[in-house]
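Letter by letter, the chains look like this.
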Amino acid sequence: MTDTTITTTVREHYRATGLTDRIKSALATITPEGQTLTVAQLAPLDQFHIRGILATEELAGAAGLKPSSRVLDLGCGIGGPARYLAASFGCMVTGVDLSPGFIDAATYLTARCALSDRVTFQAGDALHLPFEDSAFDAVFLQHVAMNIQDRAALYTEVHRILTPGGRFATYDLVLRNGDVVYPVPWARDASTSFLLSAGDTRTALERAGFQAVLWRDDTQTALDWFKATLAGPPPSGPGLNLGVVLGPDFLAMTANLARNIRDDRLGVLSAVLTRGM
Ligand SMILES: C[S@@+](CC[C@H](N)C(=O)[O-])C[C@H]1O[C@@H](n2cnc3c(N)ncnc32)[C@H](O)[C@@H]1O
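Residues numbered from 1 in each chain as written. Predicted model: local features only at pLDDT ≥ 70, side-chain atom pairs only at ≥ 80, totals over all residues. Heavy atoms only, no water.

A. The packing of helix α3 (residues 39-46) against helix α5 (residues 80-89), seen in detail. One way to put it is that α3 packs onto α5 with a least axis distance of 10 Å and a crossing angle of 155°. Considered as vectors, α3 and α5 are oriented roughly antiparallel to each other. Classified by chirality, the crossing of α5 by α3 is left-handed. Contacts between α3 and α5 involve Val39, Leu42 and Asp46 on the former and, on the latter, Gly80, Pro81, Arg83, Tyr84 and Ala87. Classifying every residue of the contact of α3 with α5 gives five nonpolar, one polar and two charged. (Axes fitted to C-alpha atoms, helices over the stretch in contact; angles between N-to-C directions. Helix = DSSP H or I, 4+ residues; strand = E, 2+ residues; numbered from the N terminus. Parallel < 35°, antiparallel > 145°, perpendicular 65-115°, else oblique. Left-handed = near helix turned anticlockwise from the far one by under 90°. Contact = heavy atoms within 4.5 Å. Nonpolar A, V, L, I, M, F, W, Y, C, P; charged D, E, K, R; others polar.)

B. Local environment of the site of the ligand. For the ligand, the set of nearby residues contains 21 residues, the closest of which are Phe48, His49, Gly75, Asp97 and Ala126. Measuring from a nitrogen atom of the ligand, one finds a side-chain N or O atom of aspartate 125 at 3.0 Å. In the environment of the ligand, a nitrogen atom lies 2.9 Å from a nitrogen or oxygen atom belonging to the backbone of glutamine 142. Coverage of the ligand by the protein amounts to 97% of the 600 Å² it exposes when considered alone. Of the residues contributing to the shell around the ligand, the split by class is ten nonpolar, eight polar and three charged. (Near = heavy atom within 4 Å. Polar contact = N/O pair within 3.5 Å; in protein donor to acceptor, adjacent residues only side chain to side chain. Areas by Shrake-Rupley, 256 points an atom, 1.4 Å probe, with all protein chains shown as cover.)

C. Geometry of helix α6 (residues 100-112). Taking 1.5 Å of rise per residue, 13 residues should cover 18 Å, and α6 covers 19 Å from first to last C-alpha, within 8% of that figure. Three or more residues of α6 are buried, namely Gly101, Phe102, Ile103, Ala105, Ala106, Tyr108, Leu109, Thr110 and Arg112. Those residues of α6 that are buried lie in contact with α2 (19-28), α3, α5, β2 (92-97), β3 (119-123) and α10 (243-246). At the exit of α6 stands alanine 114, carrying a positive phi of roughly 55°. (Expected span 1.5 Å × (residues − 1). Buried < 20%, exposed > 50% of the residue type's maximum accessible area, 1.4 Å probe, protein only.)

D. Local environment of the nonpolar core. Grouped together as the largest cluster of nonpolar side chains are 63 residues, with contacts concentrated most on Ile23, Leu173 and Trp186. Top element by residues in this core is α6. It accounts for six residues. If near-sequence neighbours (up to four positions away) are discounted, isoleucine 23 is found in contact with Leu45, Ile78, Ala105, Tyr108, Leu109 and Val244. Formed by 25 residues, the second largest nonpolar core is a distinct cluster that contains Phe136, Val158, Ile161 and Ala271. (Core = buried A, V, L, I, M, F, W, Y, C linked by side-chain atoms within 4.5 Å.)

E. Representation of the sheet that holds strand β4 (residues 136-142). Taken in spatial order, the seven strands of this open sheet run β3-β2-β1-β4-β5-β7-β6, and their pairing is mixed. Of all strands in the sheet, those bounded by a partner on one side alone are β3 and β6 (210-217). Neighbour-to-neighbour, the strand axes of this sheet turn through a mean angle of 15°, independent of strand direction. Packing against the sheet, helix α8 (residues 198-207) makes contact with β5 (162-175), β6 and β7 (266-275), and its axis sits at approximately 160° to β6. (Pairing = 2+ DSSP bridges.)

F. Looking closely at the pattern of salt bridges. In this structure the tally under the stated criterion is 15 salt bridges. The salt bridge involving arginine 176 is made with aspartate 217; its shortest N-O contact spans 3.1 Å. Of the two residues, arginine 176 sits in the loop between β5 and α8 while aspartate 217 sits in strand β6, which places them 41 residues apart along the sequence. Judged by its relative accessible area of 36%, arginine 176 falls in the partly exposed class. Of the charged contacts in the structure, one is a salt bridge between arginine 188 and aspartate 249, with a shortest N-O distance of 2.8 Å. Within this pair, whereas arginine 188 is found in the loop between β5 and α8, its partner aspartate 249 is found in the loop between α10 and α11 (250-262), the two being separated by 61 residues in sequence. (Salt bridge = Lys/Arg side-chain N within 4 Å of Asp/Glu carboxyl O.)

G. Here's a closer look at the pairing of β2. Within β2, five of the six residues are buried, leaving the element largely enclosed by the surrounding structure. Assessed by its sense of winding, the connection that carries the chain from strand β1 (residues 70-74) through α5 to β2 is right-handed. Bridge analysis of β2 against β3 gives five bridges, and the strand direction is parallel. Residue pairing in the sheet places aspartate 97 in a bridge with alanine 123 of β3. Considered for its hand, the β-α-β crossover made up of β2, α6 and β3 is right-handed. (Right-handed = clockwise from strand over helix to strand, strands pointing away.)

H. Quick peek at the pairing of β7. Of all ten residues making up β7, ten are buried, and the element is well covered by its neighbours. Residue alternation in β7 divides its side chains into two sets, Leu266, Val268, Ser270, Val272 and Thr274 and Gly267, Leu269, Ala271, Leu273 and Arg275, and both sets are buried. With nine bridges joining them, β5 and β7 adopt antiparallel strand pairing. Across the sheet, valine 174 pairs through a bridge with glycine 267, a residue of β7. Direction of pairing for β6 relative to β7: antiparallel, over a ladder of seven bridges. Residue pairing in the sheet places leucine 214 in a bridge with valine 272 of β7.

I. Structural context of helix α9 (residues 219-231). With 13 residues, α9 ought to run about 18 Å at 1.5 Å a step, and its terminal C-alpha atoms sit 18 Å apart, in line with that. The complete set of buried residues in α9 reads Thr219, Ala222, Leu223 and Phe226. Along the axis of α9, the buried residues cluster in a sector spanning 100°; they form a single face. In α9, those exposed residues whose orientation departs by more than 90 degrees from the buried face are Ala228 and Ala231. (Arc of directions from axis to C-beta.)

If you want it as structure tokens, here you go:
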């Protein structure tokens with residue numbers, strides 16, 4: 001597949017027709033339209049990665065954000081991590097995502113949280129970002145790289161838009177022993193799933209000019225979280241769960257993801273890197 005075909009297929013996977021209306025209906029069950037929502041209230045709905053808001057909190061803590069930081073959340077989904085960063089650190093955050101439906105929902109939810117003055121969103125492709133060189137002090141990339149075949153181009157683009165000394169915080173699935181069982185939340189089959197081992201990820205990042213300040217295998221933590229989550233009750237708040245966003249087969253995809261990790265086919269990597277001068 002060419003990069004253009006991959007982009008089209010991935011965008012289709014996250015098409016999210018009618019998403020903002022579905023979210024409005026789900027939210028109406030917890031609070032009337034017009035009432036401000038908190039980042040914590042939305043957390044069961046708007047963090048599309050293993051360990052949800054806990055993982056975003058940890059990664060953000062390691063990234064050293066300040067109120068003056070200009071932050072890009074690349075592959076921002078419906079904006080949960082971006083809102084968390086702005087609300088917790090007081091920084092300005094831009095979210096970019098391939099899916100126009102996600103960007104529409106992200107913009108709506110951010111207005112509902114009264115954060116539109118600090119968090120903005122636009123549709124775009126991580127490989128062709130509409131920003132000048134050195135435009136950001138930090139870039140977040142959570143559970144996105146596995147949809148991107150050309151990692152060298154991705155990491156080079158992140159390097160370009162970061163200021164010298166800026167931080168790149170990434171949290172992703174990595175390949176362990178392979179033979180991944182599909183569908184998983186990011187891909188229906190292997191044609192749009194581009195997993196690298198942790199070692200190959202590190203090589204690609206270093207070639208692009210990054211040095212690791214945090215490099216952590218979070219596979220066991222992810223496994224423990226899956227065990228606790230699958231054994232426990234559904235998320236609190238009527239209607240507030242990721243199935244609202246990702247559709248009825250989301251649970252089956254998530255079960256496959258947990259199985260891939262349990263069977264050592266996939267691992268989980270958290271890393272914070274500095275952009276070389
Ligand atoms: C599993 S979701 C993670 C969303 C968000 N980072 C989070 O953790 O809540 C993956 C996201 O990556 C986006 N994505 C995939 N490939 C992309 C690309 N080439 N450029 C921009 N976004 C992309 C998808 O549209 C989707 O929203």
